[in-house]
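Examining the three-dimensional arrangement
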Amino acid sequence: QVQLVESGGGLVHAGGSLRLACAASGFTFSSYAMAWYRQAPDKERELVALITTAGKYTNYADSVKGRFTISRDNTKNTLYLQMNSLKPEDTAVYYCKAIGPLLKTIYWGQGTQVTVSS
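Residue numbers restart at each chain and count upward from 1, following the sequence in its written direction. Selection of residues for local features in this predicted model requires a pLDDT of at least 70, selection of side-chain atom pairs for listing and counting requires 80 or more, and totals for whole chains, interfaces and linings are taken over all residues. Side-chain numbers come from the whole structure's heavy atoms, not from hydrogens or water.

**Examining the packing of aromatic side chains**
- Only the six-membered ring of Trp is used, alongside the rings of Phe and Tyr, when aromatic pairs are assigned; centres must lie within 6.5 Å, and planes under 30 degrees apart are stacked while those over 60 apart are edge-to-face, with the rest tilted. Taken as a whole, this structure holds 5 aromatic pairs when the rule is applied.
- Ring geometry for phenylalanine 27 and tyrosine 107: centres 5.1 Å apart, planes at 45°, overall tilted. Here the residue phenylalanine 27 occupies a position in the loop between β3 (18-25) and β4 (33-39), and tyrosine 107 occupies one in strand β10 (residues 106-108), the gap between them amounting to 80 residues.
- Each residue is assigned to one of three classes by its accessible area relative to the maximum for its type, calculated with a 1.4 Å probe on protein chains only: buried under 20%, partly exposed between the two thresholds, exposed over 50%. Phenylalanine 27 gets classed as buried once you look at its relative accessible area, which sits at 13%.
- Relative accessible area serves as the criterion here: at 22%, tyrosine 107 is assigned to the partly exposed category.
- Seen in terms of ring centroids, tyrosine 32 and tyrosine 107 are 5.8 Å apart; in terms of plane orientation they differ by 25°. Their pairing is stacked. Placement of tyrosine 32 in the loop between β3 and β4 and of tyrosine 107 in strand β10 is noted, with a sequence separation of 75 residues between them. Helix and strand definitions here come from DSSP, where helices need a minimum of 4 consecutive H or I residues and strands a minimum of 2 consecutive E residues; each element is numbered from the N-terminal end.

**A look at the sheet that holds strand β1 (residues 3-7)**
- Here a strand pair is declared whenever DSSP counts at least two bridges between the two strands. One open sheet accounts for 4 strands, arranged β1-β3-β8-β7; its pairing is antiparallel. If you trace the sheet from one side to the other, it starts and ends with β1 and β7 (68-73), each paired once. Neighbour-to-neighbour, the strand axes of the sheet open up by a mean angle of 15°, direction not taken into account.
- Note: β3 against strand β8 (residues 78-83), 6 bridges, orientation antiparallel. Geometry is summarised by axes, namely lines fitted to C-alpha atoms with helices restricted to the contacting stretch, and by angles between N-to-C directions that run from 0 to 180 degrees.

Laid out in structure tokens, this is it:
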């Protein structure tokens, strides 16, 4: 059974930090590119950051560049998102996404809420 379980969300003041984790099981984690998305109320889900299978390449939304860092530990089947200098506009539900080879398989986690107060 495929599972992606996010954790680490919560309430933080502007300027603070959070570290999200996404624990994967039920598939070959190291063969999947991974990504973090977020969805704020009344907005479409957007890509936050992407990392390739071995972690060699990453890509970030312009709005989070220099503040967020995506990483992965293939020995622990876990994806991370370190979020620093958080802003109220970062408030959203954050989801992890697994992207299989040739985009043939996609898995989503259930999401974790991040709320940044001003």
